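Structural characterization, general
The chain contents come next:
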Amino acid sequence: MIPYGRQDINQDDIDAVTAVLRSDFLTQGPVVPKFEDAVAKHVGAEYALAVNSATSALHIACLALGLGHGDHLWTTPISFVASSNCALYCGATVDFVDIDPRTYNICPVQLAAKLELAEKNGCLPKIVVVVHLCGQPCDLSTIYKLSLKYGFKIIEDASHAIGGKYKEAFIGSCQFSDITVFSFHPVKIITTAEGGMALTNNEDLAGKMDLLRSHGITRKQQEMTHLADGPWYYQQIDLGFNYRITDIQAALGLSQMARLDAYVSKRHQIANRYGDLLSDLPLTLPWQHEDSYSAYHLYVIRLKLDEINLTHRQVFEELRMRNIGVNLHYIPIHTQPYYARMGFDQRSYPEAERYYAEAISLPMFATLTETQQDDVAVALRETLLT
Ligand SMILES: *Cc1c(COP(=O)(O)O)cnc(C)c1O
C-alpha cells in the first residue's frame, strides 16, 4: 500500500537521536532550546515554545490568550478536531465558519458576515483559529483586518504549513496573527514522532505559554511572587500541564529542520507532476492562490461526481483495493457525534458538506517516487474511466 503520507528518516536523524540517548539529558536538556531557535529563526518569529503535540500547543495558546468560560472560539469545520477541541478544553464554546469553495480554507466573506451578525447579538468570538488546509495559507491579511475591526485574536493552526509562505513571509512569522502552531506528527512536513510548537512575537504570550507547558512552575527570580526559601526553591504561579517535549524528540526535529526547504520544494514537484498526470480526468485539482506558497502537506482532489459512474465511496474503496492509501481530510467537525450533540445545525455549512462529499487525499510525501506516483495516476484513471 502506498500511504498518503510518511516520514523520512535518514542517518543524520538517527545519529542526532542516539547522541541524546548517550548524553546526560533525555528531557529538559540543551537540545529543546536549540530546536526552538532553529524553527524561530527559519520562520522569522521572536519566540518558539516546543511542546509534546500541536494539540497541546493549541490548548496553551488559547489559555495564554485568556480564553475561558463564556468565551467563543470560531474555526473551520474542515480540519482535524484538535482545531476546535482546544476551545472546549478551556470551557469556551465553539462555532464554525464555512469554507471557501476554491481553497477549502475558512471563507473570509462568510467570516465577515458572521461577525457582523455576532456583533449585533453580542456574541463576538474572542479567538478565531484559522487552519492552512493542505499547507495553503489562509487569506491572512483580510482576516487580520477583521480582527482589528471586531477585536478578536488569531491563532494559526499551521499543522500542515511549516515551510509555506504567505506574501513572501514564512508561515510562523505571526505577521497577521498572535500565535502560530506547528505539528510534528510523522505524517506532517517534518517530524519529532509526537510534537508541536507555538510561535509568537509577543513576549507576554511566550512567557505564559512557557509556564503553562510545565505545570505553571517557574524558577525565574523575576517571575517569583514569594521570596525564595533557598536555592532549591521553585514556585507554581499558574495551573499548567506537563506538555513538555523531550530532547530525544527535539534532536530529531532539529535534524529534520535542515531538510525542510528541500521537503517543501519536493512536495511542489510532486504536486506539479500530479497536475500533469491528472489534468484530463473528471476531477477538480488543488487551486493555488498566487499570493502564497503552499507547504503541500496534502494533495486533495475533488471528484466531479456527475461525470463519473461511481460514488465517492466506491472510488475511495476501489483505490484502496488497488493499494493506493487514499484518505479523507476531513470529516466536517460539526458532524462528529460529540459535536452533533451540541446541536449544530447540519445545514449551516454547505460548502464544507460539498467538499466532504467529493474530496480524496492522494499520497503526498517527500520521498514519494515517480513510479509510485505513476501507480497512483494509473489506478485513478482506470477507476474513473471504467
Ligand atoms: C495534525 C493536526 C493537529 C494535531 O496535531 P498533533 O501534533 O497530532 O496534536 C491539529 N490540527 C491540524 C489541522 C492537524 O492536521
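Read on for a plain summary of the structure. (Residues numbered from 1 in each chain as written. Predicted model: local features only at pLDDT ≥ 70, side-chain atom pairs only at ≥ 80, totals over all residues. Heavy atoms only, no water.)

Moving on, we get to the site of the ligand. Surveying the vicinity of the ligand reveals 15 residues, the closest of which are Thr55, Asp157, His160, Ser183 and Lys188. At 2.8 Å from an oxygen atom of the ligand is found a side-chain nitrogen or oxygen belonging to serine 183. Relative to its free-state accessible area of 390 Å², the ligand is covered by the protein chains to the extent of 92%. Of all the secondary-structure elements, those providing two or more residues to the shell around the ligand are α3 (54-64) and α4 (82-89). (Near = heavy atom within 4 Å. Polar contact = N/O pair within 3.5 Å; in protein donor to acceptor, adjacent residues only side chain to side chain. Areas by Shrake-Rupley, 256 points an atom, 1.4 Å probe, with all protein chains shown as cover. Helix = DSSP H or I, 4+ residues; strand = E, 2+ residues; numbered from the N terminus.)

Under the defined criterion, the tally for this structure stands at 13 aromatic pairs. Ring geometry for tyrosine 166 versus phenylalanine 176: centroids 5.7 Å apart, planes at 90°, classification edge-to-face. One end of the pair, tyrosine 166, is in strand β6 (residues 165-166); the other, phenylalanine 176, is in the loop between β7 (169-170) and β8 (179-183), and ten residues separate them in sequence. Taking the relative accessible area as the measure of exposure, tyrosine 166 reaches 5% and is therefore buried. Of the residues examined, phenylalanine 176 reaches a relative accessible area of 18% and is grouped as buried. Through a chain of ring-to-ring contacts, the aromatic side chains of Phe96, Tyr338, Tyr339, Phe344 and Tyr349 assemble into a single cluster. (Phe/Tyr/Trp six-rings, centres within 6.5 Å; stacked < 30°, edge-to-face > 60°. Buried < 20%, exposed > 50% of the residue type's maximum accessible area, 1.4 Å probe, protein only.)

What follows deals with the nonpolar core. Ranked by internal contacts, the top residues of the largest apolar core, which has 76 residues, are Ile155, Leu278, Tyr299, Ile301, Ile360, Leu362 and Leu380. Among the elements that make up this core, the one with the highest residue count is α3 (seven residues). Looking at this core, you find at least three residues from each of domain 1 (11-257) and domain 2 (260-385). Apart from the residues lying within four places of it in its own chain, the contact partners of isoleucine 301 are Leu278, Leu283, Thr284, Leu285, Glu358, Ala359, Ile360, Leu362 and Leu380. (Core = buried A, V, L, I, M, F, W, Y, C linked by side-chain atoms within 4.5 Å. Domains from an automatic or database assignment. Contact = heavy atoms within 4.5 Å.)

Now for the environment of histidine 329. Here histidine 329 shows up in the loop between α10 (312-321) and α11 (337-340). The spatial distance from the C-alpha of histidine 329 to the C-alpha of tyrosine 355 is 9.8 Å, given a sequence separation of 26 residues. When sequence neighbours within four positions are dropped, the list of residues in contact with histidine 329 reads Tyr4, Ile78, Leu298, Tyr355 and Ser361. Within the structure, the side chain of histidine 329 is placed 2.7 Å from the side chain of serine 361, a separation counted as a polar contact.

The axes of two packed helices give the description: the angle between them and the distance between them. The interhelical angle for the contact between helix α9 (residues 260-278) and helix α13 (residues 370-385), taken along N-to-C directions, is 35°, at an axis separation of 10 Å. Handedness of the α9/α13 crossing: right-handed. In this structure, α9 uses Ile270, Arg273, Tyr274, Leu277 and Leu278 to contact α13, whose residues at the interface are Glu370, Gln373, Asp374, Val376, Ala377, Leu380 and Arg381. A breakdown of the residues in the contact of α9 with α13 according to their chemical character gives seven nonpolar, one polar and four charged. (Axes fitted to C-alpha atoms, helices over the stretch in contact; angles between N-to-C directions. Left-handed = near helix turned anticlockwise from the far one by under 90°. Nonpolar A, V, L, I, M, F, W, Y, C, P; charged D, E, K, R; others polar.)

By the criterion of burial, strand β5 (residues 153-157) is predominantly enclosed, with four of the five residues buried. Where strand β4 (residues 127-131) and β5 come together, five bridges link them in parallel fashion. For valine 129, the partnering residue across the bridge sits in β5 and is isoleucine 155. Handedness of the β-α-β unit built from β4, helix α6 (residues 140-150) and β5 comes out right-handed. Pairing of β5 with β8, which is carried by three bridges, proceeds in the parallel orientation. Along β8, the bridge assignment pairs aspartate 157 with valine 181. (Pairing = 2+ DSSP bridges. Right-handed = clockwise from strand over helix to strand, strands pointing away.)

Sheet architecture is open: three strands sit in the order β7-β6-β13, paired in antiparallel fashion. Edge positions in the sheet fall to β7 and β13 (292-293), since each of these pairs with one other strand and no more. Here two bridges tie β6 to β13, and the two strands are oriented antiparallel to one another. Counterpart to lysine 165 in the pairing with β13 is tyrosine 293.

Given a rise of 1.5 Å per residue, 19 residues ought to cover 27 Å, and the 27 Å separating the end C-alpha atoms of α9 matches this to within 8%. The set of residues buried in α9 consists of Leu260, Tyr263, Val264, Arg267, His268, Ile270, Ala271, Arg273, Tyr274, Gly275 and Leu278. (Expected span 1.5 Å × (residues − 1).)

A separate point is the pattern of salt bridges. All chains considered together, the criterion is met by 19 salt bridges. With a closest N to O distance of 3.6 Å, aspartate 8 and arginine 259 form a salt bridge. You can see aspartate 8 sitting in the segment before α1 (11-21) and its partner arginine 259 sitting in the loop between α8 (247-257) and α9, a full 251 residues away along the chain. Between arginine 322 and glutamate 382 there is a salt bridge, with the nearest N and O atoms lying 2.6 Å from each other. Here arginine 322 is found in the loop between α10 and α11, whereas its partner glutamate 382 is found in helix α13, with 60 residues between them in sequence. Assessed through its relative accessible area of 37%, glutamate 382 is described here as partly exposed. One network of salt bridges, with partners in common, ties together Glu36, Asp210, Arg213 and Lys220. (Salt bridge = Lys/Arg side-chain N within 4 Å of Asp/Glu carboxyl O.)

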